[in-house]
Amino acid sequence: MLAAVHSATLVGVDGQPVTVEVHVSAGLPGYHVVGLPDAAGRESRERVRAALLSSGLSWPQRKITVNLAPGGVRKSGSGLELAVALGVLAATDELPAAVLDGAAVLGELGLDGTVRPVPGTLALVDALARLGIDRVVVPIANASEAALVRDVDVRAARSLGELRSCLKEEKEWPTWCANAAVGPPPPTDTSGDELLDLQDVRGLAVARNALEVAAAGNHHLVLVGPPGTGKTMLAQRMSTILPPLGHGEALEVTRIHSAAGEAIDGRLVEARPFRAPHHTASTPALVGGGSGRPRPGEVTLAHRGVLFLDELGEFAPSALDALRQPLEERVVRIARQPVSLTFPAAFQLVACTNPCPCGLGEPACRCSESQRGRYLRRLSAPLLDRFDVRVTVTAPEPRDVAGESSADVRVRVATAVARQRLRYADWPWSSNAQVPAGAVNRLIPLHPDAEGTWRELIDDRLLTGRGAARIRRVARTVADLEGAGEVTAAHLENAAMLRSDVP
Ligand SMILES: Nc1ncnc2c1ncn2[C@@H]1O[C@H](COP(=O)(O)OP(=O)(O)O)[C@@H](O)[C@H]1O
Ligand SMILES: [Mg+2]
Ligand SMILES: [Zn+2]
């Protein structure tokens, strides 16, 4: 009369194991769900009932109580329906309860009994595996995604009727593409990113250096300059020189993208994310939240990768203000009842902007004093301060030629990244940009000959502690790109040049 089926639901972008308890008893026929289902969960009765009937199974004319435990967690979406249906079958002896021992079940049901995919399968299966569950039944469309979790036996479900037969060992389990993740990439990738290369960019020596240093040390970067000088072109090529994701990072990014409803086609996301939201993007689209179920924003989709904000000055000031908290904490906090949520948001910010609305800059600028002031106020000082690397871009000269290729720059960046990983192996961070301000002087020592240059720099630029720390971190990255053990005066000077007081 009572059956329990393991399943899971999404909380933010994380999986939360759920036990679906189904109790069928004598009494007035009815169906009640308790345990904080959302609107979709409350409607599950109609789909579960129709699916059972269309599969040639019966819907008990008795009192059915479904309890979703733990009670304090809101259960989102329809992904528990298959577990509810199997629970009803087990509670009415249509299915031996023992066949579900130690297994978990995920899936939404169609009225005809088909098992439909659920978002966030990787996060759900990952959470179940951590609980010790090593056998999962998932919608066939999600099977290769579920198989990205190691040491879990994945069974694919196509329809409720077929699944019941498979569980009773009356029928073979459907086969599914065993590992789409190692197959050739789908030809659907039309982003054209693989065609981008730094050698198409002429001139811009300082900005190219800035891009390389930012990529190597994970520093936030802003390029300021008049239109048509190649700012967007250069920034878009950032992803061609960044190191690929490690396996752990790739799993993490895949889990987040899948939970956010991005199409991942059951394969590991291996390219570092590069998200470029338009300047009309709303604050929730950018940082997450929104009405109803809180959704992750672009900053979370850019986790472990780049958030590219082109035309920074055109974004709504409120959206830019909302970026400051995730930039500081590397997570997004969203306060909601009954629980507040945290979305990961460790992204690297790359931005481009004109110096003023007309974009021409001095001396040709035609903007009024108030227009210019309004434009700069949008790029509030606290936001501009977060960019370790800030450079002005000037138009390439006619005689400027194509620069180095992405492949050449990528090798230097990869070496510098490896050096930092080694240096910070015992610390909870892995790049120069993340060394806490308080630890900068100790962890980034200077060559004795550079002390004088350092003091001059601080006096000349009236640097505060934070500004000084930023220059010192960038200097460490410049040294890493050269393979130098100690930070010299030349490295400091290069870093200072890469942090101009723009705009
Ligand atoms: N430095 C450059 N090297 C090669 N082409 C350039 C360069 N700067 C601009 N261009 C050309 O001009 C176009 C516009 O450049 P873009 O990157 O959009 O400029 P910005 O973002 O500074 O306004 C590019 O697509 C490219 O064809
Ligand atoms: Mg542009
Ligand atoms: Zn202007």
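Preceding this section is the structure that the text describes.
Residues numbered from 1 in each chain as written. Chains lettered and ligands numbered in written order. Predicted model: local features only at pLDDT ≥ 70, side-chain atom pairs only at ≥ 80, totals over all residues. Heavy atoms only, no water.

### A closer look at the sheet that holds strand 15 (residues 348-353)
At step 1: A sheet is described by the order of its strands in space; here 5 strands give the open sequence 11-12-15-10-16, paired in parallel fashion. Two strands lie at the open edges of the sheet, namely strand 11 (274-275) and strand 16 (389-392), each paired on one side alone.
At step 2: In this sheet, strand 16 lies alongside strand 10 (residues 221-224) in parallel orientation, the contact comprising 4 bridges. When the bridges of strand 16 are listed, Val 222 appears paired with Arg 390. (Pairing = 2+ DSSP bridges. Helix = DSSP H or I, 4+ residues; strand = E, 2+ residues; numbered from the N terminus.)

### What about unusual backbone geometry?
At step 1: Here Ala 69 and Pro 70 are connected by a cis peptide whose omega angle stands at 0°.
At step 2: Relative to the helices and strands, Pro 70 is located in the loop between strand 4 (63-69) and helix 3 (81-91).
At step 3: Although it is not a glycine, Leu 36 sits at a positive phi angle of roughly 55°.
At step 4: Within the secondary structure, Leu 36 sits in the loop between strand 3 (30-34) and helix 1 (39-42).
At step 5: Positive phi is not limited to glycine here, since Asp 265 has a value of about 55°.
At step 6: For Asp 265, the location among the structural elements is in the loop between helix 9 (247-259) and strand 11.

### Describing the side chain of Thr 9
At step 1: In this fold, Thr 9 is placed in strand 1 (residues 2-11).
At step 2: Polar side-chain contacts of Thr 9 include one of 3.1 Å to the backbone nitrogen of Ser 76.
At step 3: Sequence-distant contacts of Thr 9, that is, excluding residues within four places in its chain, are made with Asp 14, Gly 15, Gln 16, Val 18, Arg 74, Lys 75, Ser 76 and Leu 124. (Polar contact = N/O pair within 3.5 Å; in protein donor to acceptor, adjacent residues only side chain to side chain. Contact = heavy atoms within 4.5 Å.)

### A word on the site of ligand 1
At step 1: Near ligand 1, the surroundings consist of 13 residues, among which Arg 202, Gly 228, Lys 231, Thr 232 and Met 233 are the closest.
At step 2: The separation between an oxygen atom of ligand 1 and a polar main-chain atom of Gly 228 is 2.7 Å.
At step 3: At 2.9 Å, a backbone N or O of Met 233 approaches an oxygen atom of ligand 1.
At step 4: The residue inventory of the shell around ligand 1, partitioned by class, reads 6 nonpolar, 4 polar and 3 charged. (Near = heavy atom within 4 Å. Nonpolar A, V, L, I, M, F, W, Y, C, P; charged D, E, K, R; others polar.)

### Digging into the pattern of salt bridges
At step 1: Inspection of the entire model under this criterion finds 25 salt bridges.
At step 2: A salt bridge links Arg 164 to Glu 94; the shortest N-O distance between them is 3.6 Å. Taken as a pair, Arg 164 in helix 6 (residues 160-167) and Glu 94 in the loop between helix 3 and strand 5 (103-105) lie far apart in primary sequence, 70 residues in all.
At step 3: Exposure remark for Arg 164: the relative accessible area of 16% places this residue in the buried category.
At step 4: The class of Glu 94 is partly exposed, set by a relative accessible area of 26%.
At step 5: Note that Arg 333 is salt-bridged to Glu 329, the shortest N-O span being 2.8 Å.
At step 6: The class of Glu 329 is partly exposed, set by a relative accessible area of 37%.
At step 7: Salt bridges sharing partners connect three or more residues here, namely Asp 14, Asp 126, Arg 130 and Arg 255. (Salt bridge = Lys/Arg side-chain N within 4 Å of Asp/Glu carboxyl O. Buried < 20%, exposed > 50% of the residue type's maximum accessible area, 1.4 Å probe, protein only.)

### Re empty space enclosed by the protein
At step 1: Counted according to the given criterion, the structure contains 2 cavities of 30 Å³ or more.
At step 2: Approximately 100 Å³ is the volume attributed to the largest cavity.
At step 3: Those elements that provide at least two residues to the lining of the largest cavity are strand 3, helix 1, strand 4 and helix 3.
At step 4: The residue makeup of the lining of the largest cavity, split by class, is 8 nonpolar, 4 polar and 2 charged.
At step 5: The computed volume of the second largest cavity comes to approximately 30 Å³.
At step 6: In this structure, the second largest cavity is lined by Gly 12, Ala 259, Ala 260, Arg 293, Pro 294, Arg 295 and Pro 296. (1 Å grid on protein atoms, 1.4 Å probe; cavity = no way out; pocket = protein on both sides within 12 Å on 5 of 7 lines; lining within 4 Å. Points joined across faces, edges and corners; volume = space filled by probe spheres on them.)

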